[in-house]
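Chain by chain, the residues:
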Amino acid sequence: QTNKYYAKRKTFVLTEKQAIAIKEYAQKNNTSVFTFFFSIWSAYLSKINNNCKQLCIGTTVLNRNNFQEKNTVGLFVNTVPVFIDLDWKDSFLNHLENVETATFSTLRNQRYNYKNALQKIKKDYQKPYDIILSYQNTRITGPFCESIWLHNGMQLESLQVHIEDRDNAGVLNIHYDYQTEKFTEQDIETLHNRLMTLLDDAIENPEKSHVFTILENALLLQIIFPFASIIWWANFKISFLKYSTFL
């Protein structure tokens, strides 16, 4: 019997040209590589969710807030929800600023247990997201040290996307960890190719509307996504569309 939590990892290594362009773009616009990818990802999710204006994506935080915690061995990482408001009349640069504000707001309030917050408005606790986006840039120093990240083959979320820049190697790896019950390897390859097209378009045309040229292509919406979380956070209303096909 297939376990619904079984997962695989598909990794793509960005070209040196792409990695340099992303880092230069982030530096030029006084933002981070993580915020840039978060903006691309949220724009894409909004589009495949019928241009929804509010959505939620999970992300990870280091969760070591003082000197003692930073020097203590153990797992402190926490996963938090980031609620994004989108306006398709905005340029990508404006969207980038909105995402940065949302992520900073989440970081400021990460100590508050959002599970308790949701329980106040719902009897049955349910995570408001089914996807996670994270940025990994841990530095392992030492004469004979090397960091290797292994996927354990199990996960709760349908999809986890990790941008990895470990050990300052000068390249960007993108890991797609996906539940095999909901995605195929071909789905992930298609998803990655479309995200890279959006990424290139955003760098070349930052003042363009959210409705990037590629998003106007009907083929973009043929990917089967097994989940869609549409969030109306302002009204404390959460609606989950499960196992939907967007055509």
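Residues numbered from 1 in each chain as written. Predicted model: local features only at pLDDT ≥ 70, side-chain atom pairs only at ≥ 80, totals over all residues. Heavy atoms only, no water.

Undergrad: Looking at this structure, I do not really get helix 1 (residues 16-28). What am I missing?
TA: Structural remark: α-helix, 3.6 residues per turn; residues separated by three or four positions point the same way. Between the first and last C-alpha of helix 1 there are 18 Å, a value that for 13 residues agrees with the 18 Å anticipated at 1.5 Å per step. Looking at the buried positions of helix 1, the neighbouring elements they touch are helix 2 (33-48), helix 4 (92-108) and helix 6 (185-204). Directly beyond the C-terminal end of helix 1, a positive phi value near 55 degrees is found at N30. (Helix = DSSP H or I, 4+ residues; strand = E, 2+ residues; numbered from the N terminus. Expected span 1.5 Å × (residues − 1). Contact = heavy atoms within 4.5 Å.)

Undergrad: It is not clear to me how the environment of T15 should be interpreted in this structure. Could you clarify?
TA: Turning to its location among the elements, T15 is positioned in the loop between strand 1 (7-13) and helix 1. Sequence separation between T15 and V171 is 156 residues; the distance between their C-alpha atoms is 7.3 Å. Within the structure, T15 has its side chain in polar contact with the backbone nitrogen of Q18 (distance 3.1 Å). (Polar contact = N/O pair within 3.5 Å; in protein donor to acceptor, adjacent residues only side chain to side chain.)

Undergrad: Honestly, the packing of helix 1 against helix 6 in this entry has me stumped. Any pointers?
TA: Helix-helix packing is characterised by the crossing angle of the two axes and by the distance between the axes. Across the interface, helix 1 lies against helix 6 with an axial gap of 11 Å and an inter-helix angle of 50 degrees. Taken together, the axis directions place helix 1 and helix 6 in an arrangement best described as oblique. Regarding helix 1 and helix 6, the two cross each other, and that crossing is left-handed. Touching Q18, A21, I22 and Y25 of helix 1 are M196, L199, D200, A202 and I203, all from helix 6. Here the contact of helix 1 with helix 6 is composed, by residue class, of 7 nonpolar, 1 polar and 1 charged. (Axes fitted to C-alpha atoms, helices over the stretch in contact; angles between N-to-C directions. Parallel < 35°, antiparallel > 145°, perpendicular 65-115°, else oblique. Left-handed = near helix turned anticlockwise from the far one by under 90°. Nonpolar A, V, L, I, M, F, W, Y, C, P; charged D, E, K, R; others polar.)

Undergrad: Explain the packing of helix 2 against helix 4 to me, please; I cannot follow it from the model alone.
TA: At their nearest, the axes of helix 2 and helix 4 sit 9 Å apart, and the two run at 110 degrees to each other. In terms of their interaxial angle, helix 2 and helix 4 are classed as roughly perpendicular. In contact with F34, T35, F36, F38, S39, I40, S42 and A43 of helix 2, helix 4 contributes F92, H95, L96, V99, E100 and T103. Of the residues contributing to the contact of helix 2 with helix 4, the split by class is 8 nonpolar, 5 polar and 1 charged.

Undergrad: In this structure, what is going on with the pattern of salt bridges? I would like to understand it.
TA: A side chain of one charge can pair with a side chain of the opposite charge if their charged atoms are brought near each other. According to the stated counting rule, one finds 5 salt bridges in the structure shown. Across the salt bridge formed by E189 and K10, the nearest N and O atoms sit 3.4 Å from each other. With E189 in helix 6 and K10 in strand 1, this pair connects stretches of sequence that are 179 residues apart. Here E189 falls in the partly exposed class, since its relative accessible area comes to 25%. (Salt bridge = Lys/Arg side-chain N within 4 Å of Asp/Glu carboxyl O. Buried < 20%, exposed > 50% of the residue type's maximum accessible area, 1.4 Å probe, protein only.)

Undergrad: I tried to follow empty space enclosed by the protein on my own but got confused; where do I start?
TA: The gaps left among the atoms become clear once a water-sized probe is rolled over them. Counted under the stated rule, the structure contains 2 cavities of 30 Å³ or more. One number sums up the size of the largest cavity: a volume of about 80 Å³. Every residue lining the largest cavity is listed: F37, I40, W41, L133, V161, I163, I174, Y176, L195, M196 and L199. For the lining of the largest cavity, the class distribution of residues is 11 nonpolar, no polar and no charged. (1 Å grid on protein atoms, 1.4 Å probe; cavity = no way out; pocket = protein on both sides within 12 Å on 5 of 7 lines; lining within 4 Å. Points joined across faces, edges and corners; volume = space filled by probe spheres on them.)

Undergrad: Which parts of the structure should I look at to understand the packing of aromatic side chains?
TA: A ring pair, where both rings are aromatic, is described by two values, the distance of the centres and the angle of the planes. Inspection of the entire model under this criterion finds 7 aromatic pairs. Ring centres 5.3 Å apart and planes at 70 degrees place the aromatic pair F34 and F38 in the edge-to-face group. With F34 and F38 both in helix 2 and 4 residues apart, this pair spans about one turn of that helix. This pair shows no difference in class: F34 is buried, exactly as F38 is. Ring geometry for W41 and Y44: centres 6.4 Å apart, planes at 15 degrees, overall stacked. Taken as a pair, W41 and Y44 lie in helix 2 at a separation of 3 residues, close to a single helical turn. Judged on exposure class, the residue W41 and its partner Y44 are both buried. (Phe/Tyr/Trp six-rings, centres within 6.5 Å; stacked < 30°, edge-to-face > 60°.)

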